[in-house]
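Residues per chain, in single letters:
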Amino acid sequence: MHPSNSTTDNGKVIMFTGKGGVGKTTCAAATALHYASCGESTLVLSTDPTPSLSHIFETTDRQKPKQVAENLYLQEVGLNEVKQMWDKKFGREVYEVFSTLVSVSYEDFVDFITSILPGLADEFMVDYLKGLFQQKTYARIVWDTAPLGQTLGLLQTPAMLSQHLKPAPRIYSKLKLGSETRRSVLDIIKGWEKLSGQDMDFLRKDVSFTLVTIPEALAVAQLESIMGEFDKLEGRIERLVINNVVQDTSSAFLMTKAEMQKPYIELIRQRYQGMEITEIPLLPSEIKGIAALQHITQYLFR
Ligand SMILES: Nc1ncnc2c1ncn2[C@@H]1O[C@H](COP(=O)(O)OP(=O)(O)OP(=O)(O)O)[C@@H](O)[C@H]1O
Ligand SMILES: [Mg+2]
């Protein structure tokens, strides 16, 4: 099945970020379900190597994107696909630059780059997402796991590179490349710089970030550094979700856990006063399937 063309033109992208296992996929799925049920054509997207979105939506459909509910489409992009996309869009050019310096076969080079560079998949996904956003096929795009600030900082690498190359423009502008592009290294790097600038602009202007956390020491401690990275990039974290909050205190066990969580919740509320903060209770049952997700949706969109 194919996504219908949306009539709304204010497509909006929401990205979920936060440390491992705090509930990003669950919240992303519930958010996407909300917009879809409001009648907006919605895509929920992830680069998770384990297909956790398919698991949550209980689908084994191999279609890409696959429809999982009315107005709701799911797409999981594996590392191999990212590699192919990267290869198609940047591979040759990057290779040409590198092969002026080291001798390596093209295939080895692509393998090396896509497996070694941390965050390359995420970085490339930003570019891919920007394309989807501009096509306006969907009214909403929800990205399961957004890279953390550090990874997004990678987008600024080309700008850094060209900054470093500035003192030697004569050398680099003369270093002509292979027959394919016939462009100078400097031109190519300028091209990347422009592209990464556009990707950064997209992140700043068109994307809203939701940061998911849980009320525990480590997660709360990490919030500071995540917020700091986003500040540097001028990204907008619009919403903070505190997940797994114990609300049922009917047993001594739960009561102790709730007491443990309390100071962390207070700390978060005090520290991030200007932000929209939403609490989601720790639920007793597994969150799998549309009905279970709707439960989470209720808390996210009261
Ligand atoms: N409020 C909740 N109540 C009960 N269980 C929850 C809640 N939120 C999430 N879970 C469960 O916690 C587990 C981790 O959630 P999820 O996969 O959404 O986290 P994640 O941040 O995406 O993890 P990862 O970093 O590995 O991608 C899942 O089994 C999910 O069903
Ligand atoms: Mg996940």
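Residues numbered from 1 in each chain as written. Chains lettered and ligands numbered in written order. Predicted model: local features only at pLDDT ≥ 70, side-chain atom pairs only at ≥ 80, totals over all residues.

## Quick notes on the overall build of the protein chain
When helices and strands are counted, the protein chain shows 12 helices and eight strands. Every one of the 302 residues in the protein chain was classed for burial, and the buried ones make up 32%. (Helix = DSSP H or I, 4+ residues; strand = E, 2+ residues; numbered from the N terminus. Buried ≥ 20, exposed ≤ 12 C-beta atoms within 10 Å, placed from the backbone.)

## What to know about helix α1 (residues 24-37)
With 14 residues, α1 extends 20 Å between its outermost C-alpha atoms, agreeing within 8% with the 20 Å of an ideal straight helix rising 1.5 Å per residue. Looking one or two places after α1, you find glycine 39, whose phi comes out positive at around 95 degrees. (Expected span 1.5 Å × (residues − 1).)

## As for the environment of phenylalanine 202
For phenylalanine 202, the position within the fold is in helix α9 (residues 185-206). Phenylalanine 202 sits in the partly exposed class, given 19 other C-beta atoms within 10 Å. With residues up to four places along the chain from it excluded, the contact list for phenylalanine 202 reads Lys130, Phe133 and Val207. (Contact = placed C-beta atoms within 7 Å.)

## Remarks on the packing of α1 against helix α12 (residues 290-300)
Between two packed helices, the angle of one axis relative to the other and the distance separating the axes together describe the packing. Running from N to C, α1 and α12 cross one another at 85 degrees; their axes reach a closest spacing of 8 Å. Between α1 and α12, the interaxial angle falls into the category roughly perpendicular. Across the interface between the two elements, Thr26, Cys27, Ala29, Ala30, Thr31, Leu33 and His34 of α1 pack against Ile290, Leu293, Gln294, Ile296, Thr297 and Leu300 of α12. Among the residues forming the contact of α1 with α12, the class breakdown is eight nonpolar, five polar and no charged. (Axes fitted to C-alpha atoms, helices over the stretch in contact; angles between N-to-C directions. Parallel < 35°, antiparallel > 145°, perpendicular 65-115°, else oblique. Nonpolar A, V, L, I, M, F, W, Y, C, P; charged D, E, K, R; others polar.)

## What to know about the site of ligand 1
Surveying the vicinity of ligand 1 reveals 17 residues, the closest of which are Gly23, Lys24, Thr25, Thr26 and Leu283. Only α1 and β7 (237-245) provide two or more residues apiece to the shell around ligand 1. No other element matches α1, which puts three residues into the shell around ligand 1. In the shell around ligand 1, the residues fall into five nonpolar, nine polar and three charged. (Near = placed C-beta within 6 Å.)

## A look at the sheet that holds β7
Spatially, the eight strands line up as an open sheet ordered β3-β4-β2-β5-β1-β6-β7-β8, and their pairing is mixed. The open sheet has two edge strands, β3 (66-69) and β8 (276-281), and neither has a second partner. In this sheet, adjacent strand axes meet at a mean angle of 25 degrees when their direction is disregarded. Bridge count between β7 and β8: five bridges; the pairing is parallel. (Pairing = 2+ DSSP bridges.)

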